[in-house]
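# Structural characterization, general
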Amino acid sequence: MRKVLIVDDNADAAEMMAMLLSSYGHQVQTAGDAESTLRIANEFVPDVILLDIGLLGTDGHTVARILRRDPRFLGTILIALTGYGSARDRERSLESGFDHHVVKPAQIDQLLALIGTPDE
């Protein structure tokens, strides 16, 4: 079981992903914007964060950089979950501190492989 924070300004998409990952035994929280993401991350301290890049207001790249400056999140797996899929988009994600870049719609097998288990 991993603690997973799902961040998407599309609440329905976030809830659907939360239900799916919960069904695989993960403990899941959701957030819809940068402010709630940072607040929940500080309280929940997730192992994995699935973070939409195209958030309204402060974008996912900025959120990733903020998280990476906090020593508590240096080992957190940051996964960009986004509609942006060009080579430059992927490069920018890595520059922002993401570990992985996944283009929507994501395949559950791909996400589960990236999320892994605590023993991995």
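Rules behind the numbers
- Residues numbered from 1 in each chain as written.
- Predicted model: local features only at pLDDT ≥ 70, side-chain atom pairs only at ≥ 80, totals over all residues.
- Heavy atoms only, no water.
- Axes fitted to C-alpha atoms, helices over the stretch in contact; angles between N-to-C directions.
- Helix = DSSP H or I, 4+ residues; strand = E, 2+ residues; numbered from the N terminus.
- Parallel < 35°, antiparallel > 145°, perpendicular 65-115°, else oblique.
- Contact = heavy atoms within 4.5 Å.
- Nonpolar A, V, L, I, M, F, W, Y, C, P; charged D, E, K, R; others polar.
- Pairing = 2+ DSSP bridges.
- Left-handed = near helix turned anticlockwise from the far one by under 90°.
- Core = buried A, V, L, I, M, F, W, Y, C linked by side-chain atoms within 4.5 Å.
- Buried < 20%, exposed > 50% of the residue type's maximum accessible area, 1.4 Å probe, protein only.
- Polar contact = N/O pair within 3.5 Å; in protein donor to acceptor, adjacent residues only side chain to side chain.
- Arc of directions from axis to C-beta.

## Considering the packing of helix H3 (residues 60-68) against helix H4 (residues 87-96)
- Direction vectors running N to C along H3 and H4 enclose 25°, while the axes themselves pass 8 Å from each other. Judged by the angle between their axes, H3 and H4 are roughly parallel. In this structure, H3 contributes His61, Ala64 and Arg65 to the contact, and H4 contributes Arg92, Ser93 and Ser96.
- For the contact of H3 with H4, the residue count by class is 1 nonpolar, 3 polar and 2 charged.

## Observations concerning the sheet that holds strand S3 (residues 48-51)
- Within the open sheet, the 5 strands sit side by side as S2-S1-S3-S4-S5. Their pairing is parallel. One side of each edge strand has no neighbouring strand; the edge strands of this open sheet are strand S2 (27-31) and strand S5 (100-103). Adjacent strand axes in the sheet meet at a mean angle of 20°, parallel and antiparallel pairs treated alike.
- Along the sheet, H3 makes contact with S3 and strand S4 (77-82), crossing S3 at roughly 160°.
- Packed onto the sheet, helix H5 (residues 108-115) meets strand S1 (3-7), S3, S4 and S5 and runs at close to 160° relative to S4.

## A short note on unusual backbone geometry
- For the bond running from Lys104 to Pro105, omega is -5°, close enough to zero to count as cis.
- With a phi close to 45°, Val45 is a non-glycine residue in the positive phi region.
- Considering the arrangement of structural elements, one finds Val45 in the loop between helix H2 (34-44) and S3.

## Focus on the packing of helix H1 (residues 11-23) against H5
- Two elements in contact, H1 and H5, have axes whose closest approach is 12 Å; the angle formed by their N-to-C orientations is 65°. Here H1 and H5 pass one another in a crossing that is right-handed. Between H1, through Met17, Leu20 and Leu21, and H5, the contact on the second element is made entirely by Ile108, Leu111, Leu112 and Ile115.
- Residue classes in the contact of H1 with H5 are distributed as 7 nonpolar, no polar and no charged.

## Some details on the nonpolar core
- Counting residues in hydrophobic clusters, the biggest one holds 18 residues, and the most contacted among them are Leu5, Val7, Ile49, Leu51, Leu67 and Phe98.
- The element that contributes the greatest number of residues to this core is H2, accounting for 4 residues.
- Beyond its immediate chain neighbours, meaning those up to four positions away, Ile49 contacts Leu5, Val7, Leu67, Thr76, Ile77, Leu78 and Ile79.
- With 15 residues, the next largest nonpolar core counts Val4, Ala14, Met17 and Ile79 among its residues.

## Looking at the side chain of Thr76
- Turning to its location among the elements, Thr76 is positioned in the loop between H3 and S4.
- Here the side chain of Thr76 touches Pro46 through a polar contact of 3.3 Å, landing on its backbone oxygen.
- For Thr76, the residues in contact, after removing those within four places along its chain, are Pro46, Asp47, Val48, Ile49, Arg68 and Asp99.

## Re H3
- Along H3, the residues classified as buried are Gly60, His61, Val63, Ala64, Leu67 and Arg68. All buried residues of H3 project into a common sector of 160° when viewed along the axis, lining one side.
- In this structure, the buried residues of H3 make contact with H2, S3, S4 and H4.
- Measuring from the side-chain oxygen of the N-cap residue of H3 to the backbone nitrogen of His61 gives 3.2 Å; that N-cap residue is Asp59.

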